[in-house]
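Summary of structural features
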Amino acid sequence: MDKLTKLGILAEAARFDAACTSSGVTRGPREGMVGDTCASGLCHSFSADGRCITLLKVLMSNACSYDCAYCVNRRGASCLRATFEPRELAELTVDFYKRNYIEGLFLSSAVLGNPDNTTERMIACLEALRGEFRFNGYVHAKVIPGSSPELVNRLGRLADRLSVNLELPSRASLASLCPDKDARSVMAPMAQIATTRHAEEQALLDSPAGKKALARRHREKGSYVSEGMQVTSVGVRYTLGRPTSAVPNALRKFVPAGQSTQIIVGATPEDDNHILQLSKSLYDHYGLKRIFFSAYMPMVEDSRLPDRETPVPLRREHRLYQADWLMRYYAFTPDELATPSRPWLDLDVDPKLAWALAHIEAFPVEIMDAPLETLLRVPGIGPVGARRILAARRTRRLCMDDLQGLGVAFKRARYFVTCGGKRDPAAPLNPELIRQKVVSDAAGSKYNATRRQAEGQLSLF
Amino acid sequence: MCCERATESVLAAVGVTYLAHAEPHRVRLVATDAAQVRIGEKTVAFGEEDDGSVVALAKRVFSGFEKKCGVTCARRVVLACASDESGMPEVVHRYLRLGFSEGKRLYEDVTSPEALAFAKLVQRVSSECEHTRQFVRFARLPDGTFVSVFEPNENTLPLVGTHFARRMREERFVVVDPKHLLAIFHEPEDMACSVVGLDAETAATLASRVDEADERERLVQALWRRFYRAMELPGRGVASRGYDLRASWMPKRFWHGLPELDGRP
């Protein structure tokens with residue numbers, strides 16, 4: 001099979017994985033080596049559906065010996081099978097990198113025989129990439145559940161980020177759709193990565209470089225607010241997030257950019273409250289950097305799955321990402337966004353706006369004296385707008401007209417704020433009228449209208 | 001006062017207005033190629049001296065501003081000066097004056113008209129720098145040199161040279177900008193790129209070297225195209241979203257230079 005066909009098969013097989021970021025670690029250029037990495041990442045292209053392409057995302061092989069119901073590469077599927085030679089893939093990565101097509105490699109694989117065989121092949125590819133081709137750019141590798149801890153450890157010293165796909169949001173769903181996997185085999189490598197990173201962090205903190213970094217962190221220490229969240233100032237933004245490690249990622253040798261995971265939404269009946277609670281728990285217990293939500297795409301016929309004609313739950317995926325963002329940077333809790341009694345996120349209105357409408361008694365907020373936590377809860381005010389408001393009000397009295405110049409989405413914020421005690425004259429006073437106006441504005445957007453039409457009245461179950 | 005669209009020229013022109021003790025409201029800086037005299041105005045040409053005095057004065061203004069307002073604000077001035085906006089020199093002039101009067105408080109000033117106009121310029125240039133880092137595409141020539149032609153809306157190549165030098169430290173490469181008649185050159189092991197001004201003919205000759213790519217280069221481009229097409233997922237395109245997400249992230253003006261889009265508009 002020629003390289004072109006092989007690449008086509010193995011890239012198409014990998015496209016269902018939502019993650020494609022090159023962020024999390026800064027590593028400068030090294031003599032005799034190719035490339036560097038930047039913590040903010042860089043998107044080099046965008047696919048026709050608008051998803052970012054930053055890494056060469058391919059499978060090592062799609063010849064899978066597992067039989068997961070939703071997967072196009074499952075054992076019983078009738079599709080073309082291909083497998084990369086480790087060196088061949090490493091060479092392709094460097095060729096693409098030098099032409100500024102990508103930031104690095106995203107290496108995943110179907111289970112080729114057994115998890116250890118597959119991981120060894122992936123390690124051989126990364127060793128060729130880092131050794132023979134002297135590649136210093138970004139590498140994201142997928143951990144195959146069931147791989148032995150020694151191999152996970154070796155993989156983590158070659159890759160910048162590791163991810164173990166949770167795939168489905170509950171043990172029951174995993175057992176039902178993935179008969180060859182179990183929750184333990186998924187969670188064990190996740191726990192191993194978290195533990196090894198923690199141990200490395202402790203060792204680094206005792207080293208001279210770690211002590212220096214810790215002293216710097218103490219000098220810059222931000223203020224702690226609700227539930228251990230910390231105000232972080234990054235460039236022009238103020239966010240509320242989990243306290244970050246004092247050890248710079250560049251000093252780490254094992255998975256310097258941390259770990260992430262992916263959850264498929266819409267293939268099984270778990271609600272949004274369940275998914276957000278699960279996400280919060282993963283962030284807290286395993287120190288995950290990101291959780292990716294992948295809207296289930298009905299590609300395979302199976303009685304355990306939604307019908308093939310079921311539309312992709314794109315808006316649900318979008319709302320989950322927004323809710324995840326609010327939990328990570330705005331100090332929202334899962335129950336505030338999707339309550340146990342109303343466990344689904346509103347598809348027409350974004351989660352922050354939905355929260356504001358459900359807590360209309362907390363508004364309007366006075367721009368001139370509201371603290372950062374309160375400002376960040378106002379729809380239309382983000383980390384940049386909040387920082388600018390805090391800076392601007394120190395020197396002058398702000399009025400409604402000023403807000404637009406400060407990076408506030410005034411169209412949304414106008415209903416929820418006052419400036420010097422004055423409301424926007426065009427905004428209604430009655431909470432019910434505000435709710436009607438805001439909901440009709442949001443529901444009338446082109447995106448919502450198109451998706452509503454695509455989703456129709458079909459029910460997933 | 002007329003000046004060139006270059007950081008040193010704009011900064012030196014501001015220096016001259018201070019040295020001349022000109023009243024700020026009676027001076028207006030304009031780019032030479034966009035100068036249009038208003039009723040009652042007199043034009044003062046500036047920046048034609050070739051004795052290094054312009055650069056020396058610009059350095060003096062820049063270091064004075066950096067000392068007074070901080071490194072972050074000074075860096076933003078360099079970004080703003082790369083803008084192609086016709087009113088750029090005057091916006092930078094007003095911002096520098098504001099900085100010299102406000103000092104360290106300038107960074108926190110986000111509401112004054114001068115700071116707002118300046119922030120817009122910085123935003124535009126920063127965004128175009130990111131586009132340059134994202135969408136420059138190299139082709140490898142048979143002699144091992146990597147060549148790229150890129151036409152940004154702002155003069156971004158001098159600002160992103162270090163990025164590419166870090167990324168491709170071991171390679172010899174050149175990026176040509178025929179729009180601003182400029183190129184950045186890099187030799188193996190160098191930590192930075194050389195920025196060279198070009199005439200139109202040289203720029204066209206350099207740009208045409210992209211076509212010298214051989215069979216192997218064409219194979220790599222074909223592989224990249226195949227990979228790009230394989231990444232597309234059904235049920236998420238323009239028709240399913242109601243808007244074109246790809247075009248909003250990847251402006252169509254860059255598409256002709258992207259091998260993955262094969263010259264599609």
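Please read these numbers as outputs of a predicted model, since none were measured by experiment.

What to know about unusual backbone geometry
Following A:Phe363, the chain continues to A:Pro364 via a peptide bond in cis, the omega torsion being 0°. For A:Pro364, the position within the fold is in the loop between α11 (351-358) and β11 (365-366).

What to know about the interface of chain B and chain A
Interfaces are often sized by the amount of accessible area the parts lose when they come together. In this complex, chain B contributes 53 residues to the contact, which on the side of chain A involves 64 residues. Buried area between chain B and chain A, both sides added, is near 5400 Å², and the carbon and sulfur share of it is 58%. Broken down residue by residue, the surface that chain B buries against chain A is led by B:Arg167, B:Met231 and B:Arg236, which jointly contribute 15%. For the pair chain B and chain A, the interface holds seven salt bridges. For A:Asp95, the salt bridge is made with B:Arg216, and the minimal N-O distance between the two is 2.5 Å. Joining chain B to chain A, the criterion identifies 24 residue pairs in polar contact (both at pLDDT 80 or more). Counting only elements with at least two residues in the side of chain B that touches chain A, the list comes to α5 (113-135), α6 (157-167), α8 (215-230), α9 (238-241) and α10 (245-249) of chain B. By residue number, the principal contributor to the side of chain B that touches chain A is α8(B), which donates 11 residues.

What about the pattern of salt bridges?
Residues and elements named next belong to chain A. The final tally for this structure, using the stated rule, is 45 salt bridges over all chains. Of the charged contacts, one joins Arg121 and Glu85 as a salt bridge, the two residues approaching to 3.5 Å between their closest N and O atoms. With a gap of 36 residues between them, Arg121 in helix α3 (residues 115-132) and Glu85 in the loop between β3 (55-59) and α2 (86-98) connect regions that are remote in the sequence. We classify Arg121 as partly exposed; its relative accessible area is 24%. Among the residues examined, Glu85 registers a relative accessible area of 44% and is labelled partly exposed. The shortest N-O distance in the salt bridge between Asp424 and Arg414 comes to 3.0 Å. Here Asp424, found in the loop between β12 (417-418) and α16 (431-443), pairs with Arg414, found in the loop between α15 (410-413) and β12; they are 10 residues apart in sequence, far enough to count as distant. Asp424 gets classed as buried once you look at its relative accessible area, which sits at 10%.

Considering the domain arrangement of chain B
Residue and element names in this part refer to chain B. Domain annotation of chain B identifies domain 1 (2-127), domain 2 (136-213) and domain 3 (214-265). Summarising the inter-unit geometry, the C-alpha centres of domain 1 and domain 2 are found 28 Å apart. In this complex, domain 1 contributes eight residues to the contact, which on the side of domain 2 involves six residues. Joining domain 1 to domain 2, the criterion identifies one salt bridge. Taking the shortest distance from any N to any O, the salt bridge between Arg124 and Glu154 comes out at 3.1 Å. If you look at where domain 1 meets domain 2, you find five residue pairs in polar contact (both at pLDDT 80 or more). Sorting the residues of the side of domain 1 that touches domain 2 by element identifies α3 (71-81) and α5 as the ones contributing at least two each. Along the lines of polarity and charge, the residues of the side of domain 1 that touches domain 2 split into four nonpolar, one polar and three charged.

Topic: the packing of aromatic side chains
Enumeration according to the criterion identifies 22 aromatic pairs over all chains in this entry. Centre to centre, the rings of A:Tyr97 and A:Phe135 are 5.1 Å apart; their planes meet at 85°, and the pair counts as edge-to-face. One end of the pair, A:Tyr97, is in helix α2; the other, A:Phe135, is in the loop between α3 and β5 (138-142), with 38 residues separating them in the sequence. As far as burial versus exposure is concerned, A:Tyr97 and A:Phe135 are alike and both buried. Stacked on the ring of A:Trp355, the Lys or Arg A:Arg377 has its end atom at 4.9 Å from the ring centre. Above the ring of A:Tyr97, the side-chain terminus of B:Arg167 is found at 3.8 Å from the ring centroid.

Some remarks on the sheet that holds strand β10 (residues 290-295) of chain A
All names here are of chain A. The six strands are arranged β3-β4-β5-β6-β9-β10 in an open sheet whose pairing can be described as parallel. Each edge of the sheet is formed by a strand with only one pairing partner; in this case those strands are β3 and β10. Recorded for the sheet is a direction-independent mean angle of 20° between the axes of neighbouring strands. When strand β9 (residues 259-265) meets β10, the two strands line up parallel, connected through six bridges. In the strand pairing of β10, Ile264 is matched with Ser294.

Description of the pairing of β3(A)
Residue and element names in this part refer to chain A. In terms of burial, β3 is largely enclosed, as five of its five residues are buried. Neither face of β3 is open: one carries Leu55, Lys57 and Leu59, the other Leu56 and Val58, and all of them are buried. As for the winding sense of the linkage, the β-α-β connection from β3 through α2 to strand β4 (residues 104-108) is right-handed.

Thoughts on the packing of helix α9 (residues 314-329) of chain A against helix α17 (residues 446-455) of chain A
Residue and element names in this part refer to chain A. α17 packs onto α9 with a crossing angle of 135° between their chain directions and a minimal axis gap of 10 Å. Taken together, the axes of α9 and α17 lie oblique to each other. Residue-level contacts link Leu314, Arg315, His318 and Arg319 of α9 to Tyr447, Asn448, Arg451, Arg452 and Glu455 of α17. Residues belonging to the contact of α9 with α17 are distributed by class as follows: two nonpolar, two polar and five charged.

Things to note about the packing of α2(A) against α3(A)
Residue and element names in this part refer to chain A. At a minimum axis distance of 8 Å, the contact between α2 and α3 shows a crossing angle of 45°. Between α2 and α3, the interaxial angle falls into the category oblique. Considering how the two elements wind past one another, α2 and α3 form a crossing that is right-handed. Touching Pro86, Arg87, Leu89, Ala90, Thr93 and Val94 of α2 are Arg121, Ala124, Cys125, Ala128, Leu129 and Glu132, all from α3. Considering only residue class, the contact of α2 with α3 consists of eight nonpolar, one polar and three charged.

Regarding the environment of A:Ala391
All names here are of chain A. Here Ala391 is to be found in helix α13 (residues 383-395). Judged by relative accessible area, which is 1%, Ala391 ranks as buried. Along the backbone, Ala391 and Glu167 are 224 residues apart, and their C-alpha atoms lie at a distance of 43 Å.

A short note on the nonpolar core
With 151 residues, the main nonpolar core has A:Leu56, A:Phe96, A:Leu126, A:Ile381, A:Leu403, A:Phe416 and B:Phe227 as its most contacted residues. Leaving out residues up to four positions away in the same chain, B:Phe227 has contacts with A:Leu7, A:Ala11, A:Ile53, A:Leu55, A:Leu56, A:Lys57, A:Val58 and A:Phe96. Of all hydrophobic cores here, the second largest spans 31 residues; its members include B:Val10, B:Cys69, B:Ala80 and B:Val122.

Criteria and thresholds
Residues numbered from 1 in each chain as written. Chains lettered and ligands numbered in written order. Predicted model: local features only at pLDDT ≥ 70, side-chain atom pairs only at ≥ 80, totals over all residues. Heavy atoms only, no water. Helix = DSSP H or I, 4+ residues; strand = E, 2+ residues; numbered from the N terminus. Contact = heavy atoms within 4.5 Å. Buried area = accessible area lost by both parts, 1.4 Å probe. Salt bridge = Lys/Arg side-chain N within 4 Å of Asp/Glu carboxyl O. Polar contact = N/O pair within 3.5 Å; in protein donor to acceptor, adjacent residues only side chain to side chain. Buried < 20%, exposed > 50% of the residue type's maximum accessible area, 1.4 Å probe, protein only. Domains from an automatic or database assignment. Nonpolar A, V, L, I, M, F, W, Y, C, P; charged D, E, K, R; others polar. Phe/Tyr/Trp six-rings, centres within 6.5 Å; stacked < 30°, edge-to-face > 60°. Lys NZ or Arg CZ within 6 Å of the ring centre and 35° of its normal. Pairing = 2+ DSSP bridges. Axes fitted to C-alpha atoms, helices over the stretch in contact; angles between N-to-C directions. Right-handed = clockwise from strand over helix to strand, strands pointing away. Parallel < 35°, antiparallel > 145°, perpendicular 65-115°, else oblique. Left-handed = near helix turned anticlockwise from the far one by under 90°. Core = buried A, V, L, I, M, F, W, Y, C linked by side-chain atoms within 4.5 Å.

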